[in-house]
Amino acid sequence: MEMVKDLQVFNQVLSLKNGTTVPGMGFGTCRIEDEKIADIVEKAVGVGYRHIDTGSAYGNERGVGKGIRNSGIAREDIFLTTKAWPYEMGYDNILRAFDGSMNRLGLDYVDLYLVHFPVMRDHYEDWQDFLLKTWRAFEKIYNEGRAKAIGVSNFTDKHLAVLQDHAEVSPVINQIEFHPGWTQFDTLRFCAEHDIAVSAWSPLGQGALLQSPVLKAMAAKYEKSVAQLILRWVLQHNVLPIVESKNPNRMKENTEIFDFSISSMDMKVIDELPPLLIGPHADNGYMLVEVDIQ
Ligand code: A2P
């Protein structure tokens, strides 16, 4: 896989390990309601975003699909991700869930289909087997060309190891919570070793990081906004940011991160900011705490 940190311009594409390409910055939709999202997706596409991220759990696939159809941009020029929620896991369930997502989106393929969380609550004891059954359905959907690529979300290195050992088609992306204060460097290392791209949900910590005095002072030094500084930090860690905004000015601001570079000393300062966990995470029951998955 090419390096995210080598991207020179907004929307430059990266090749994933199965040969598909993904535009280097994604637009997130997680907390935007179905009634509002079509218009917002249309605006994001208007600003230039070509990589849109949703999930069945967001309850907004209908609106996202409508926004894409209304954008006037050809379907093949947009990279769309959706995800299967834990209660959709299992072989037959996933096949049904995928059809449901496609019906709501009103599309006949997605660019990327993700397992949203590694563990379903009713399957703690046999989570590895259940994950593999789930993944077999993902592989079928991939082999049929209905998802151009398949991957996972919220997987740690330990969850990923199960798939690495048994999958026929290995995941191309792991989308994780990644922002200053929550870095998961072990998972990043595992993904780099196995050529799995990493994308970041809530790179701005859902806005919580924008008030950080350390980040404010550093952003002023680079003559950038705090949001731009953080998104640049994400890229320089070779991670694809999936950033969300309802406001076209801020959507645009978030793309203007290719004309500066953060020094390695400042990268380290950001790396070491105090912990900030947005979740859902290890204790929500969908990941199992580390000690349980040894
Ligand atoms: P808004 O939609 O009003 O722009 P994350 O991607 O980490 O989940 O963060 C999304 C949150 O950060 C949203 O509440 C969004 O609010 C806000 N946000 C996104 N971009 C910016 C920006 N450039 N400046 C300030 N706030 C931003």
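Residues numbered from 1 in each chain as written. Predicted model: local features only at pLDDT ≥ 70, side-chain atom pairs only at ≥ 80, totals over all residues. Heavy atoms only, no water.

Caption draft 1: Region of interest: the site of the ligand. As a structural note, the neighbourhood of the ligand is formed by 16 residues, with Arg31, Leu204, Ser245, Lys246 and Arg250 the closest of them. Side-chain polar atom of Ser202 to an oxygen atom of the ligand: 3.1 Å apart, as the coordinates give it. Residue classes in the shell around the ligand are distributed as five nonpolar, six polar and five charged. (Near = heavy atom within 4 Å. Polar contact = N/O pair within 3.5 Å; in protein donor to acceptor, adjacent residues only side chain to side chain. Nonpolar A, V, L, I, M, F, W, Y, C, P; charged D, E, K, R; others polar.)

Caption draft 2: View of the packing of aromatic side chains. Going through the model one piece at a time under the given rule, you end up with eight aromatic pairs. Between the aromatic rings of Phe10 and Tyr49, the centroid separation amounts to 5.3 Å while the plane-to-plane angle is 75°, which identifies the pairing as edge-to-face. Residue Phe10 is found in the segment before β1 (13-15), and its partner Tyr49 is found in the loop between α1 (34-47) and β4 (51-53); the two are separated by 39 residues along the sequence. Taken as a pair, Phe10 and Tyr49 share a single burial class, namely buried. Taken together, a centroid distance of 5.9 Å and an interplanar angle of 55° make the contact between Tyr222 and Phe260 tilted. Taken as a pair, Tyr222 in the loop between α7 (213-221) and α8 (226-236) and Phe260 in the loop between α9 (248-253) and α10 (264-271) lie far apart in primary sequence, 38 residues in all. Assessed through its relative accessible area of 18%, Tyr222 is described here as buried. Through a chain of ring-to-ring contacts, the aromatic side chains of Phe98, Tyr113, Trp135 and Phe138 assemble into a single cluster. (Phe/Tyr/Trp six-rings, centres within 6.5 Å; stacked < 30°, edge-to-face > 60°. Helix = DSSP H or I, 4+ residues; strand = E, 2+ residues; numbered from the N terminus. Buried < 20%, exposed > 50% of the residue type's maximum accessible area, 1.4 Å probe, protein only.)

Caption draft 3: Looking closely at the side chain of Asp266. Position of Asp266 among the secondary structure elements: in helix α10. By relative accessible area, Asp266 is classed as buried at 9%. Here Tyr222 takes part through its side chain, which lies 2.6 Å from a polar atom of the side chain of Asp266. Sequence-distant contacts of Asp266, that is, excluding residues within four places in its chain, are made with Met218, Lys221 and Tyr222. (Contact = heavy atoms within 4.5 Å.)

Caption draft 4: Structural context of the packing of helix α4 (residues 127-143) against helix α5 (residues 157-166). α5 packs onto α4 with a crossing angle of 60° between their chain directions and a minimal axis gap of 10 Å. Regarding the angle of α4 to α5, the classification is oblique. α4 and α5 meet at a crossing whose hand is right-handed. Taking contact as the criterion, the partners of Trp127, Gln128, Leu131, Leu132, Trp135 and Arg136 in α4 are, on α5, His159, Val162, Leu163 and His166. Split by residue class, the contact of α4 with α5 holds six nonpolar, three polar and one charged. (Axes fitted to C-alpha atoms, helices over the stretch in contact; angles between N-to-C directions. Parallel < 35°, antiparallel > 145°, perpendicular 65-115°, else oblique. Left-handed = near helix turned anticlockwise from the far one by under 90°.)

Caption draft 5: Representation of the environment of Thr29 in the model. When you line up the elements, Thr29 lands in the loop between β3 (26-28) and α1. Measuring from C-alpha to C-alpha, the distance between Thr29 and Gly72 comes to 19 Å, with 43 residues separating the pair along the chain. In this view, Thr29 contacts Ile37, Val41, Ile52, Asp53, Thr54, Tyr58, Asn60, Val64 and Glu244; residues no more than four positions away in its chain are not counted. Of the polar contacts made by the side chain of Thr29, one reaches the backbone oxygen of Asp53; its length is 2.7 Å.

Caption draft 6: Structural context of the confidence of the model for the protein chain. With 95% of its residues at a pLDDT of 70 or more, the protein chain has an overall mean of 93. Long-range and interchain partners of residues 289-294, a stretch whose pLDDT sits below 50, account for 10 contacts in this model, where long-range means more than four residues apart. (pLDDT = per-residue confidence, 0-100.)

Caption draft 7: Just the nonpolar core, in detail. Among the nonpolar cores identified, the biggest contains 91 residues, and Tyr113 and Leu229 are the most heavily contacted of them. Once residues lying within four places of it in the same chain are set aside, the contact partners of Leu229 are Leu215, Met218, Ala219, Tyr222, Phe260, Ile262 and Ile270. (Core = buried A, V, L, I, M, F, W, Y, C linked by side-chain atoms within 4.5 Å.)

Caption draft 8: How the structure looks around unusual backbone geometry. Even without being a glycine, Ser202 presents a positive backbone phi close to 50°. The class of Ser202 is buried, set by a relative accessible area of 13%. Not every positive phi belongs to a glycine, and Gln206 is a case in point at roughly 55°. You can see Gln206 is positioned in the loop between β9 (197-201) and α7. The class of Gln206 is partly exposed, set by a relative accessible area of 35%.

Caption draft 9: A look at the side chain of Ser199. The residue Ser199 is located in strand β9 in this model. Ser199 gets classed as buried once you look at its relative accessible area, which sits at 3%. Non-local contacts of Ser199, meaning those with residues more than four positions away in its chain, are made with Ile173, Asn174, Gln175, Ile176, Val239, Leu240 and Ile242.

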